[in-house]
Amino acid sequence: MAPFVPLQLIDDFLRPYNMGQAVLLLFLLVIVGVLPLRSRKVLSINLLLFGVLFMVLPQNTAPFHFTLLGIALVVLGPLLYVTGRR
């Protein structure tokens with residue numbers, strides 16, 4: 001009997017989705033996790049990092065609109081960082 005491997009379960013769940021959708025889900029989960037901290041600087045660093053991540057996703061694994069989302073997040077991240085107090 002084969003041992004239970006959770007990675008196979010995750011792979012079966014993610015197979016119908018592309019990489020951009022999986023990163024978008026991770027992005028939304030991170031944003032929800034950061035909101036209780038009430039820190040604009042931490043939120044802006046996450047926006048900037050995910051913006052870069054969306055921009056470097058290969059075009060054959062994620063549609064072009066994820067690259068546009070990445071560009072918007074890269075612009076929005078530093079703006080929020082400058083305006084944040086803590």
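Below is a summary of the structure that appears in this document. No experiment lies behind these values; they were computed from the predicted model shown. (Residues numbered from 1 in each chain as written. Predicted model: local features only at pLDDT ≥ 70, side-chain atom pairs only at ≥ 80, totals over all residues. Heavy atoms only, no water.)

1. Quick notes on the side chain of Asn46
Line of reasoning, step 1. Relative to the helices and strands, Asn46 is located in helix 3 (residues 40-56).
Line of reasoning, step 2. A residue is classified by how much of its surface remains accessible, and Asn46, at 16% relative accessible area, is buried. (Helix = DSSP H or I, 4+ residues; strand = E, 2+ residues; numbered from the N terminus. Buried < 20%, exposed > 50% of the residue type's maximum accessible area, 1.4 Å probe, protein only.)

2. Notes on helix 3
Line of reasoning, step 1. Here helix 3 is 17 residues long and its end C-alpha atoms lie 24 Å apart, about the 24 Å a rise of 1.5 Å per residue gives.
Line of reasoning, step 2. Taken together, the buried positions of helix 3 are Leu43, Ser44, Asn46, Leu47, Phe50, Gly51 and Phe54. Down the axis, helix 3 shows its buried residues gathered within 160° of arc, on one side only. Residues of helix 3 that are exposed and point over 90 degrees away from its buried face: Leu49 and Val56.
Line of reasoning, step 3. Close packing links the buried residues of helix 3 with helix 2 (19-34) and helix 4 (64-83). (Expected span 1.5 Å × (residues − 1). Arc of directions from axis to C-beta. Contact = heavy atoms within 4.5 Å.)

3. Comments concerning the packing of aromatic side chains
Line of reasoning, step 1. As enumerated under the stated definition, the model contains 3 aromatic pairs in all.
Line of reasoning, step 2. For the pair Phe27 and Phe54, a centre-to-centre distance of 6.2 Å together with 80° between the ring planes defines the contact as edge-to-face. In this pair, Phe27 is assigned in helix 2 and Phe54 in helix 3, connecting sequence segments 27 residues apart.
Line of reasoning, step 3. On the basis of relative accessibility, which here comes to 9%, the residue Phe27 falls in the buried class.
Line of reasoning, step 4. The rings of Phe27, Phe50, Phe54 and Phe66 are connected pair by pair, giving a single aromatic cluster.
Line of reasoning, step 5. The residue whose ring lies beneath Lys41 is Tyr81, and the NZ or CZ to ring-centre distance is 4.6 Å. (Phe/Tyr/Trp six-rings, centres within 6.5 Å; stacked < 30°, edge-to-face > 60°. Lys NZ or Arg CZ within 6 Å of the ring centre and 35° of its normal.)

4. Observations regarding a nonpolar patch on the surface
Line of reasoning, step 1. Together, Leu48, Val52, Leu53, Met55, Val56, Phe64, Leu68, Ile71, Val75, Leu76 and Leu79 line one region of the surface with nonpolar side chains, adding up to about 950 Å² of accessible area.
Line of reasoning, step 2. Counting only elements with at least two residues in the nonpolar patch, the list comes to helix 3 and helix 4.
Line of reasoning, step 3. Topologically, Phe64 is positioned in helix 4. (Patch = residues over 30% accessible without salt bridge, like charges linked within 9 Å, V, L, I, M, F, W, Y side chains within 5 Å. Areas by Shrake-Rupley, 256 points an atom, 1.4 Å probe, with all protein chains shown as cover. Salt bridge = Lys/Arg side-chain N within 4 Å of Asp/Glu carboxyl O.)

5. With respect to the packing of helix 3 against helix 4
Line of reasoning, step 1. Two numbers describe how helix 3 lies on helix 4: the axes approach to 7 Å, and their chain directions differ by 155°. One element, helix 3, and the other, helix 4, form an angle in the roughly antiparallel class. Like other packed secondary-structure pairs, helix 3 and helix 4 cross with a definite hand, here left-handed.
Line of reasoning, step 2. Along the lines of polarity and charge, the residues of the contact of helix 3 with helix 4 split into 17 nonpolar, 6 polar and 2 charged. (Axes fitted to C-alpha atoms, helices over the stretch in contact; angles between N-to-C directions. Parallel < 35°, antiparallel > 145°, perpendicular 65-115°, else oblique. Left-handed = near helix turned anticlockwise from the far one by under 90°. Nonpolar A, V, L, I, M, F, W, Y, C, P; charged D, E, K, R; others polar.)

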